[in-house]
Amino acid sequence: QVQLVESGGGLVQAGGSLRLSCAASGRTSSTYVMGWFRRAPGKEREFVAAITWSGGSTIYAGSVKGRFAISGDNTKNMVYLQMSSLKPEDTAVYYCAARRQYTPVLAAASQYDSWGQGTQVTVSS
């Protein structure tokens, strides 16, 4: 099992930037992919971005592509989400997630084994 703790959320004006961090601990050596998801008020959880732990391949949701960047440092067991050009519709609780085994479906929440508690991001207009 992998334990995940997110940080870096907060209140920012539209057009601003934030960087979220996720610290992983536990059985991190067997991690295949790390991802970020979000849940806005009244909406279902949605995929944001993912990165494979060894190869560093990335994938993004269309709504954030070009504005958000996911990165990881497996020597420090950290994954980051750099968010730029933020919009009010980016307001949500952001969750870090991890999966141990290979999966070709990186954008499906059901594929992830471990989840953090989430960090709130609020973008004001």
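Residues numbered from 1 in each chain as written. Predicted model: local features only at pLDDT ≥ 70, side-chain atom pairs only at ≥ 80, totals over all residues. Heavy atoms only, no water.

A. Main features of the state of the cysteines. In this structure the tally under the stated criterion is one disulfide. Disulfide pairing places Cys22 opposite Cys96 at an S-S distance of 2.1 Å. Judged by the torsion about the S-S bond (-80 degrees), the Cys22/Cys96 disulfide is left-handed. Taken together, the residues Cys22 in strand S3 (residues 18-26) and Cys96 in strand S9 (residues 92-99) connect sequence positions 74 residues apart. (Disulfide = S-S within 2.5 Å. Helix = DSSP H or I, 4+ residues; strand = E, 2+ residues; numbered from the N terminus.)

B. Examining the nonpolar core more closely. One finds Met34, Trp36, Val79, Leu81, Met83 and Tyr94 to be the most contacted residues of the largest nonpolar core, which totals 35 residues. At the level of elements, strand S1 (2-7), S3, strand S4 (33-39), strand S5 (46-52), strand S7 (68-73), strand S8 (78-83), S9 and strand S11 (119-124) are the ones that each hand at least two residues to this core. (Core = buried A, V, L, I, M, F, W, Y, C linked by side-chain atoms within 4.5 Å. Buried < 20%, exposed > 50% of the residue type's maximum accessible area, 1.4 Å probe, protein only.)

C. Representation of the side chain of Thr31. Examined against the element boundaries, Thr31 turns out to sit in the loop between S3 and S4. From its side chain, Thr31 meets the backbone oxygen of Thr28 in a polar contact 3.1 Å long. Residues within four places of Thr31 in sequence aside, it is in contact with Val2, Trp53, Ala98, Arg99 and Arg100. (Polar contact = N/O pair within 3.5 Å; in protein donor to acceptor, adjacent residues only side chain to side chain. Contact = heavy atoms within 4.5 Å.)

D. Representation of the packing of aromatic side chains in the model. Tallied over the full model, the rule gives five aromatic pairs. Ring geometry for Tyr32 versus Tyr102: centroids 5.3 Å apart, planes at 70 degrees, classification edge-to-face. Taken together, the residues Tyr32 in the loop between S3 and S4 and Tyr102 in the loop between S9 and strand S10 (114-115) connect sequence positions 70 residues apart. Given the relative accessible area of 56%, Tyr102 is considered exposed. Summarising the aromatic geometry, the rings of Phe37 and Phe47 are spaced 5.6 Å apart at their centres and angled 70 degrees between planes, so their arrangement reads as edge-to-face. Here the residue Phe37 occupies a position in strand S4, and Phe47 occupies one in strand S5, the gap between them amounting to 10 residues. As far as the burial class goes, Phe37 and Phe47 line up, both buried. One aromatic cluster is present, formed by Phe37, Phe47, Tyr112 and Trp115 through successive ring pairs. It is Arg45 that lies over the ring of Trp115; its NZ or CZ is 4.2 Å from the centre. (Phe/Tyr/Trp six-rings, centres within 6.5 Å; stacked < 30°, edge-to-face > 60°. Lys NZ or Arg CZ within 6 Å of the ring centre and 35° of its normal.)

E. Up close: the pattern of salt bridges. Counting across every chain of the model gives three salt bridges. In this structure, Glu46 engages Arg38 in a salt bridge whose closest nitrogen and oxygen atoms are separated by 2.5 Å. With relative accessibility at 5%, the residue Arg38 sits in the buried group. The closest approach of N and O atoms between Asp90 and Arg38, which form a salt bridge, is 2.9 Å. Linking Asp90 in the loop between S8 and S9 with Arg38 in strand S4, this pair joins segments that are 52 residues apart in sequence. Residues participating in the shared-partner salt-bridge network are Arg38, Glu46, Arg67 and Asp90. (Salt bridge = Lys/Arg side-chain N within 4 Å of Asp/Glu carboxyl O.)

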